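Structural features, examined
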Amino acid sequence: YLCVRLWGLGRAMGEYQVRLEPHGVTFNLGTRKKPADLFLPWDQIAAITSRRIGNTRQFWVQARNGSEATFSSYTFFRPMKVARMIGDRSGLTVQYLK
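Please read these numbers as outputs of a predicted model, since none were measured by experiment.

Analysis parameters
- Residues numbered from 1 in each chain as written.
- Predicted model: local features only at pLDDT ≥ 70, side-chain atom pairs only at ≥ 80, totals over all residues.
- Heavy atoms only, no water.
- Pairing = 2+ DSSP bridges.
- Helix = DSSP H or I, 4+ residues; strand = E, 2+ residues; numbered from the N terminus.
- Axes fitted to C-alpha atoms, helices over the stretch in contact; angles between N-to-C directions.
- Core = buried A, V, L, I, M, F, W, Y, C linked by side-chain atoms within 4.5 Å.
- Buried < 20%, exposed > 50% of the residue type's maximum accessible area, 1.4 Å probe, protein only.
- Contact = heavy atoms within 4.5 Å.
- Expected span 1.5 Å × (residues − 1).
- Salt bridge = Lys/Arg side-chain N within 4 Å of Asp/Glu carboxyl O.

1. What to know about the sheet that holds strand β3 (residues 37-41)
An order of β1-β2-β3 is seen for the three strands of this open sheet, with the pairing classed as antiparallel. At either margin of the open sheet sits one strand with a lone partner, and together these are β1 (17-20) and β3. Strand-to-strand twist across the sheet, computed as the mean angle between neighbouring axes with direction ignored, equals 10 degrees. Here strand β2 (residues 24-28) pairs with β3 via five bridges, running antiparallel.

2. Considering the nonpolar core
Ranked by size, the top nonpolar core spans 16 residues in total, and within it Phe27, Ile45, Val61, Phe71 and Ile86 carry the most contacts. Put simply, the parts of the chain that give this core at least two residues each are β2, β4 (45-53), β5 (56-63), β6 (68-71) and α2 (79-90). Filtering out sequence-adjacent residues up to four positions away, Ile45 remains in contact with Val25, Leu40, Val61, Gln62, Ala63, Arg64, Ile86, Ser90 and Leu92.

3. Notes on α2
End to end, α2 covers 16 Å across twelve residues, agreeing with the expected 16 Å (1.5 Å per residue, within 8%). At its buried positions, α2 is contacted by β1, β2, β4, β5, β6 and β7 (94-97). Positioned one or two residues after α2, Gly91 has a phi angle of 80 degrees, which is positive.

4. Thoughts on the pattern of salt bridges
Going through the model one piece at a time under the given rule, you end up with one salt bridge. A salt bridge links Glu21 to Arg19; its shortest N-O distance comes to 3.3 Å. Looking at Arg19, the relative accessible area reads 39%, which means it is partly exposed.

Printed below as a string of structure tokens:
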């Protein structure tokens, strides 16, 4: 059962993407059949926050218009690095909440 669960989790992670582009960041947190694309221009990113929930760390990239992207280690490999790279490009630091 564990192997089947890990296989499903790995396949789901294979579909998720984050692209750092010259004008902003594009998240695809959906599937091939139901893509969930979100584009955030660098100057519209309001905050990058992080909180530990259980044994994973969740990250939120929030835009000024209220939209946000949420990801964790179940979404991307090395999510802290992804958050820091977004922070470097947008001129923000990651805020760690308790």
